[in-house]
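# An overview of the molecular structure
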Amino acid sequence: MRRKIVAGNWKMNKTPSEAVALVNELKPLVESKDVDVVFCVPDIDIIPVVEAVKGTKIKIGAENMYFEENGAYTGEVSPNMLVDAGVTYVIVGHSERREHFAETNETVNKKVLKAFEHNLIPIICCGETLIQREQGVTIDFVRTQIKSAFARVPASNAKKAIIAYEPIWAIGTGKVATPEQAQEVCQEIRSCIRELYDDETADMIRIQYGGSVNADSAPFLFSQPDIDGGLVGGASLKTDFGRIVNYDRQLAYRI
Ligand code: 13P
């Protein structure tokens with residue numbers, strides 16, 4: 001049985017003092033014995049947020065990193081810097097980075113390999129555009145992204161990775177994928193991992209859905225057989241995040 005993992009992606013939101021205030025507000029709401037909870041925050045917020053979650057089970061993630069340890073790469077942050085600051089997870093290949101910052105399948109793969117070298121757990125993002133969905137090429141496109149991201153990654157590391165399926169048309173649009181649409185692609189992603197590796201890796205790897213997840217949709221999405229939690233943008237900046245983490249209690253109320 002895979003443990004659910006719900007991560008907030010704060011994107012470019014919250015100054016360091018605002019970040020600490022938000023963490024202090026969310027801390028009591030996101031306690032769960034069944035769900036791993038991660039806050040992925042802007043680099044400048046990492047150190048104060050790591051401090052603010054001390055004594056809780058919440059883990060901190062970065063939203064990006066570079067694939068070198070140090071050197072003349074003005075403006076970049078390295079995996080060893082993240083580890084030293086207390087980071088556990090790192091988002092790699094978010095569609096916003098692919099679109100605005102020229103992230104490619106190749107750089108995503110380099111970052112995935114580098115993250116594992118430093119014992120950081122990558123949250124590897126994939127997902128199609130609306131045009132690709134309408135053209136019926138979603139599965140091929142996502143499979144290519146996954147195969148490329150996992151190139152030269154051994155099974156021993158692959159099974160620890162998190163994959164976030166985030167259809168681009170659902171991100172920040174309020175247009176959440178139906179549980180069936182999300183399950184279909186997440187199931188394909190797991191099959192792809194099974195082909196690349198083995199049953200054990202495919203059964204262990206955790207696959208999140210992301211794209212306009214909110215407290216109402218989370219229970220239906222997260223109860224799909226191949227969806228192991230969510231990567232949450234906008235709703236992770238609000239108290240709704242607590243309801244998303246505790247989606248199973250909502251499900252109980254509804255039944
Ligand atoms: P929203 O939840 O705001 O749609 O963002 C999803 C996302 O991009 C998480 O990485």
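Let me begin by describing the structure that accompanies this report. In this text the structure is predicted, and so the values were computed from the model without any measurement. (Residues numbered from 1 in each chain as written. Predicted model: local features only at pLDDT ≥ 70, side-chain atom pairs only at ≥ 80, totals over all residues. Heavy atoms only, no water.)

### Regarding the overall build of the protein
- A tally of helices and strands in the protein yields 13 helices and eight strands.
- Expressed as lengths along the three principal axes of its C-alpha atoms, the size of the protein is roughly 55 × 45 × 35 Å.
- With 255 residues in all, the protein has 55% of them scored as buried.
- Pairs at least 24 residues apart make up 74% of the contacts formed inside the protein by residues separated by at least 6 positions.
- Total accessible area on the protein stands at roughly 11,600 Å², and carbon and sulfur atoms take up 53% of it.
- Taking the average location of the 29 positive side-chain charges in the protein and that of its 35 negative ones, the two points are 3 Å from each other. (Helix = DSSP H or I, 4+ residues; strand = E, 2+ residues; numbered from the N terminus. Buried < 20%, exposed > 50% of the residue type's maximum accessible area, 1.4 Å probe, protein only. Contact = heavy atoms within 4.5 Å. Areas by Shrake-Rupley, 256 points an atom, 1.4 Å probe, with all protein chains shown as cover. Lys, Arg positive; Asp, Glu negative; His and termini not counted. Charge placed at Lys NZ, Arg CZ, Asp CG, Glu CD.)

### Let's talk about the site of the ligand
- As a matter of local geometry, the ligand sits amid Asn-9, Lys-11, His-94, Glu-166, Ala-170, Ile-171, Gly-172, Gly-211, Ser-212, Leu-231, Gly-233 and Gly-234.
- At a separation of 3.0 Å, an oxygen atom of the ligand approaches a polar side-chain atom of Asn-9.
- Between an oxygen atom of the ligand and a side-chain N or O atom of His-94, the distance comes to 2.8 Å.
- Against a free-state accessible area of 310 Å², the protein chains account for coverage of 94% of the ligand.
- Its residues assigned to classes, the shell around the ligand shows three nonpolar, seven polar and two charged. (Near = heavy atom within 4 Å. Polar contact = N/O pair within 3.5 Å; in protein donor to acceptor, adjacent residues only side chain to side chain. Nonpolar A, V, L, I, M, F, W, Y, C, P; charged D, E, K, R; others polar.)

### With respect to the sheet that holds strand E3 (residues 59–62)
- The strand order around the closed barrel built from eight strands is E1-E2-E3-E4-E5-E6-E7-E8, with neighbouring strands paired in parallel fashion. Here the strands of the sheet are splayed against their neighbours by 25 degrees on average, with no regard to which way each runs.
- Relative to strand E5 (residues 121–126), strand E4 (residues 89–92) runs parallel, the two being bridged by four bridges. The partner of Val-92 across the bridge, within E5, is Ile-124.
- Contacts from helix H9 (residues 179–196) reach E5, strand E6 (162–165) and strand E7 (206–210) within the one sheet, and its direction differs from that of E6 by about 145 degrees. (Pairing = 2+ DSSP bridges. Axes fitted to C-alpha atoms, helices over the stretch in contact; angles between N-to-C directions.)

### Some words on the packing of aromatic side chains
- Summed over all chains, the structure comprises seven aromatic pairs.
- Ring geometry for Trp-10 versus Phe-39: centroids 5.9 Å apart, planes at 35 degrees, classification tilted. On the criterion of sequence distance, the pair formed by Trp-10 in the loop between strand E1 (4–9) and helix H1 (16–26) and Phe-39 in strand E2 (residues 35–41) is long-range, its members being 29 residues apart.
- The class for Trp-10 is buried, based on a relative accessible area of 0%.
- With a centroid separation of 5.3 Å and 75 degrees between ring planes, the pair formed by Phe-222 and Tyr-247 is classed as edge-to-face. You can see Phe-222 sitting in helix H11 (residues 218–222) and its partner Tyr-247 sitting in helix H13 (residues 247–254), a full 25 residues away along the chain.
- Residue classification places Tyr-247 among the buried residues on the basis of a relative accessible area of 8%.
- Pairwise contacts between aromatic rings join Trp-10, Phe-39 and Phe-241 into one cluster. (Phe/Tyr/Trp six-rings, centres within 6.5 Å; stacked < 30°, edge-to-face > 60°.)

### Thoughts on helix H2 (residues 43–52)
- Buried within H2 we find Asp-45, Ile-46, Val-49, Val-50 and Ala-52. One face of H2 carries all of its buried residues, which in axial projection span an arc of 150 degrees. The exposed residues of H2 that point more than 90 degrees off its buried face are Ile-44 and Ile-47.
- Where H2 is buried, its residues meet H1, E2, E3 and helix H3 (79–85). (Arc of directions from axis to C-beta.)

### What to know about the nonpolar core
- Phe-39 and Phe-150 are the most contacted members of the largest nonpolar core, which totals 67 residues.
- Counting residues per element, this core draws most heavily on H9, which supplies six residues.
- Listed in part, the twelve residues of the second largest apolar core include Ala-7, Cys-40, Ile-91 and Ile-121. (Core = buried A, V, L, I, M, F, W, Y, C linked by side-chain atoms within 4.5 Å.)

### Thoughts on the side chain of Glu-128
- When you line up the elements, Glu-128 lands in the loop between E5 and helix H6 (130–135).
- Glu-128 sits in the buried class, given a relative accessible area of 0%.
- Polar side-chain contacts of Glu-128 include one of 2.8 Å to the side chain of Trp-169.
- Contact partners of Glu-128, with chain neighbours within four places excluded, come to Arg-133, Thr-138, Phe-141, Val-142, Tyr-165, Glu-166, Pro-167, Ile-168 and Trp-169.

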